[in-house]
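# Per-entry structural report
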Amino acid sequence: MALKQWILSGLLASTCLVSIAAAGPIENYSPVTTERLKNPEPGNWMHYRRTYDGQGYSPLDQINTSNVKNLTPAWTFSTGVVEGHQAPPIINNGVMFVSTPEGQVIALNAKTGDEYWRYKRQLPEDLFQLHPTNRGVGLWEDKLYLATTDDHLVALDAKTGKVVWDTKVQDYKKGQYLTLMPLVVDGKVIVGGSGGEFGIRGYIVAYDANTGKELWRTFTIPGPGEPGHDTWSGDDWKTGGAPAWMTGTYDVDTRTVYWGTGNAAPWPGETHPGDNLYSTSVLALDPDSGKMKSYFQYHQNDSWDWDEVDAPMLIDLQRDGRTIKSLVHPGRNAIFWVLERKPEGIKYVAGWPFVYTNVWKSIDPNGKPIADPAHKPGIGKRVEFCPSLWGGKDWPSAAYSQKTGLVYVPANENFCGGFTGEKVPLVAGKLWLGTKPEDIGLTPRPGATHFGELQAWDPATGKKAWSHNFPKSQLFGSVTATAGDLVFVGGTNDRMFRAFHAKTGELLWEQKTNSGIVGMPIAYEVDGTQYIAVQSGWGVDAQRIQDALVGKVPGLENNVPQGGVVWVFAVKK
Amino acid sequence: MCQDPTRRALILTALATGACLASSSPSIAEEDLPGSNERPQKGDVLVFAEGDRAGEVIKPQDLQAGGPPVRAWPKDPKTSVVRKGSRLNEVLVVKLEPTELDEETRSRAAGGVVAYSAICVHTGCPITAWVKAAGGDKDVFKCVCHNSEYDPRQSAQVIFGPAPRRLPALPLAPDDGPLTVAATFIGKVGAQQAR
Ligand code: FES
């Protein structure tokens, strides 16, 4: 064995544990092909949002508006881990893969809840995890892919959980970490890095799915000589943030990957003059080369910590008498964006505020929002702005129903915030916010009657169809829509999981769970029975918002227990 | 992304930068020094981790009563190696009124000076804030990553937030001279994975 290989195997042995339970290993595993990823069977959920277009829509309708009241737990499974469980369970023909905080993957029989195997990453002792979470595993052939908070990309054998390869992406000691679900396109595993709060230079990178070899890496901040570099001053581009920590979407027809990018670093815009491309943008990339085809920047010179990392949904819209191949993105910056995928690039179509904002005065004809300087944080002055730094909608994803034509948004209304900007030298591996964390405020608007708001918007017309308000809670969970005319969401601090009527917004069903739900609901089918699944496990930003509101919102619950449980529901026959 | 908004502003520490402090990233050279990665040992002295006096030995009279805490590294007095090869060796030192300390805490204190691991046992962030407790009037250690609070007067037990256990204490020799480590950390330093 060559020295390098020996070192690698030693490393693998010391960084993971795989346990095989009685039910495993998995037999008759269905290999995941390009064709299956392009057209996933209705009963499966193999992408972050089920399909490459990011719609978060299941064509299953066995569970529907007439029988959802009979939805009951079919089985549950405790993960044994605390903190925010944000991943969707991933389903491939009767096998469920669940990932949790601390880099754990559990393979379960999706019908019975029996465990096949469990992979536990042994994280370095000196790691600190600002966002201790994971958002799912990608599938390809007979492997699956896990991105870890110690900044590795790991390929596991889907049948056994054994490590196939383990690639270091960057150095966790410099604030680099990964929390997203990898996007698999034609045998390439594509991920983007977190770490915008540590003064990193964001990037998106692709690896060969079979070998773990790096194929390309595209930085989200252009270097010298690259287009857009002149939107940065001096050396700011080296540390300007623009992380890319959420899974992209993919247009199969034009072979274009769309990826969202985060805010510029540190927070106050005065510390990094310029428009700061390609922060707070959507990038259109060639999956084969990583070459940027086009981009659209949602707002310039970010000063509010408004990551725009949730990738836009790809939706065919009828608008102004024609079909628009759109990109739809309800932004953290409070603007509901409708863009168009044109052959010549991404073009602005429409934008409107979907929650209260005092930051934007208008949007120009090219889609550039005009900020009110009075609400733009700067150095040495405390500035208040609405919405808060968690935005109108944070990373939890919206969904689109192909039946109703509506987009369902997990919005937060009536939250404002503020901080005092300051110049702070960067030290590698240390938080670098441009303000004191203790100084950051979250303030309910005077007279606010509610906070979380599940909204239904018609993206073709810009009209709101309905909304459901939560008087005592934020809404911090992804939404899933089904052909049963149902919309599922957790996200509130009362531990509830809920189903709404997709057309009317009527609350049709709710179930209290062990913890709060920041995980993504999914729908799947095994042996002719439809199930709804979600991870309950409160933590990370949902918890932070709640802590921030203690004492400010009378009656607010702040005792949501932590601990992850996979909940699977079916209609009682 | 996000940070926690909290109510009070009083900052802690000596972070010359004034921002959210964290432990220093060691250089390769520091990591390579024999003993620099080892946890604090009996007989080590404590030195300032940052600021104008970085590297100088800390004496009780260098500390301001009632806080804020000072960040420190252990140093082997025999070899002069500062144990900053691992961020898990960073220590928070705070001087409090001895009568405020519970018995167990007092037994590990040098006068009113107590020392704890600076690494939050939740998910391993550095503890950076010294602020009024969420449920009281006293200043306590706060980890701004996910809001865990620890009371240094009561063995740094968790009084708020998701941290699962108290901070490891670093017993100090009960003399007036330079702060000297009396025994190794009590408890595991850093976050603990689920098993
Ligand atoms: S790491 Fe300190 S509270 Fe989470």
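Here we summarise the structure given alongside this text. (Residues numbered from 1 in each chain as written. Chains lettered and ligands numbered in written order. Predicted model: local features only at pLDDT ≥ 70, side-chain atom pairs only at ≥ 80, totals over all residues. Heavy atoms only, no water.)

### Comments concerning the sheet that holds strand 20 (residues 313-319) of chain A
All names here are of chain A. How we decide: Strand pairing is assigned whenever DSSP identifies at least 2 bridges connecting the two strands. The secondary structure listing takes helices from DSSP runs of H or I that are at least 4 residues long and strands from runs of E that are at least 2 residues long, numbered from the N terminus. In this analysis an axis means a line fitted to C-alpha atoms, helices contributing only their contacting stretch, and an angle means the value between N-to-C directions, from 0 to 180 degrees.
Spatially, 4 strands are ordered 20-21-22-23 in an open sheet, and the strand pairing comes out antiparallel. Lying at the two open borders of the sheet, with one neighbouring strand each, are strand 20 and strand 23 (345-353). Averaged over all pairs of adjacent strands, the angle between their axes in this sheet comes to 35°, without regard to strand direction. Relative to strand 22 (residues 335-342), strand 21 (residues 322-330) runs antiparallel, the two sharing 5 bridges. Across the sheet, residue Leu327 finds its bridge partner in strand 22, namely Leu339.

### Considering the state of the cysteines
All names here are of chain A. Spelled out, the test is: The rule for a disulfide is simple: a pair of cysteine sulfur atoms within 2.5 Å. Burial status follows relative accessibility: with a 1.4 Å probe on protein chains alone, a residue under 20% of its type maximum counts as buried, one over 50% as exposed, and anything between as partly exposed.
The full count for this structure, using the stated rule, is 2 disulfides over all chains. In this model Cys386 forms its disulfide with Cys416; the gap between the sulfur atoms is 2.1 Å. When the S-S torsion is 100°, as for the bridge of Cys386 with Cys416, the disulfide is right-handed. Here the residue Cys386 occupies a position in the loop between strand 26 (382-385) and strand 27 (399-400), and Cys416 occupies one in strand 29 (residues 415-420), the gap between them amounting to 30 residues. An identical accessibility class is assigned to Cys386 and Cys416; each is buried.

### What to know about the packing of aromatic side chains
Residues and elements named next belong to chain A. As a reminder of what qualifies: Pairing of aromatic side chains here covers Phe, Tyr and the six-membered ring of Trp, requires ring centres within 6.5 Å, and sorts the geometry by plane angle: under 30 degrees stacked, over 60 edge-to-face, intermediate tilted.
Tallying each qualifying case throughout the model produces 33 aromatic pairs over all chains. Here Phe336 and Trp352 contribute two aromatic rings whose centre-to-centre distance is 4.7 Å and whose plane-to-plane angle is 10°, an arrangement assigned as stacked. Highlighted residues: Phe336 in strand 22 and Trp352 in strand 23, separated in sequence by 16 residues. Members of the aromatic cluster, joined through ring pairs, are Trp267, Trp304, Trp306, Trp360, Phe385 and Phe419.

### Quick look at the pairing of strand 37 (residues 522-526) of chain A
Residue and element names in this part refer to chain A. Most of strand 37 is tucked away, with 4 of its 5 residues classed as buried. Here strand 37 runs beside strand 38 (residues 529-536); their pairing, made up of 5 bridges, is antiparallel. Paired with Val526 across the bridge in strand 38 is Thr529. Between the antiparallel neighbours strand 37 and strand 38 lie 2 residues, among them Asp527 with a positive phi of about 50°.

### Focus: empty space enclosed by the protein
Residues and elements named next belong to chain A. We count it as follows: Of the grid points, spaced at 1 Å and generated over the protein atoms alone, those admitting a 1.4 Å probe that cannot get out make up cavities, while open sets with protein on both sides within 12 Å along at least five of seven lines make up pockets; any residue with an atom within 4 Å of a point is treated as lining. Grid points are joined across faces, edges and corners, and a volume is the space filled by probe spheres set on the points.
Evaluation of the coordinates by the stated rule reveals 7 cavities of 30 Å³ or more. What the largest cavity holds in volume is close to 160 Å³. If you trace the largest cavity, you find 21 residues lining it, with Tyr48, Arg49, Gly54, Thr247 and Thr249 closest to the centre. For the lining of the largest cavity, the element with the most residues is strand 21, which contributes 3 residues.

### What about unusual backbone geometry?
All names here are of chain A. Ala265 connects to Pro266 through a cis peptide bond whose omega is -15°. Positionally, Pro266 belongs in the loop between strand 17 (256-260) and strand 18 (281-285). In this structure, Asp186 is a non-glycine residue whose phi angle is positive, near 45°. Considering the arrangement of structural elements, one finds Asp186 in the loop between strand 12 (183-185) and strand 13 (188-192). Overall, Asp186 belongs to the partly exposed group, its relative accessible area being 29%. Of note in this structure, Ala242 is not a glycine but carries a positive phi near 50°.

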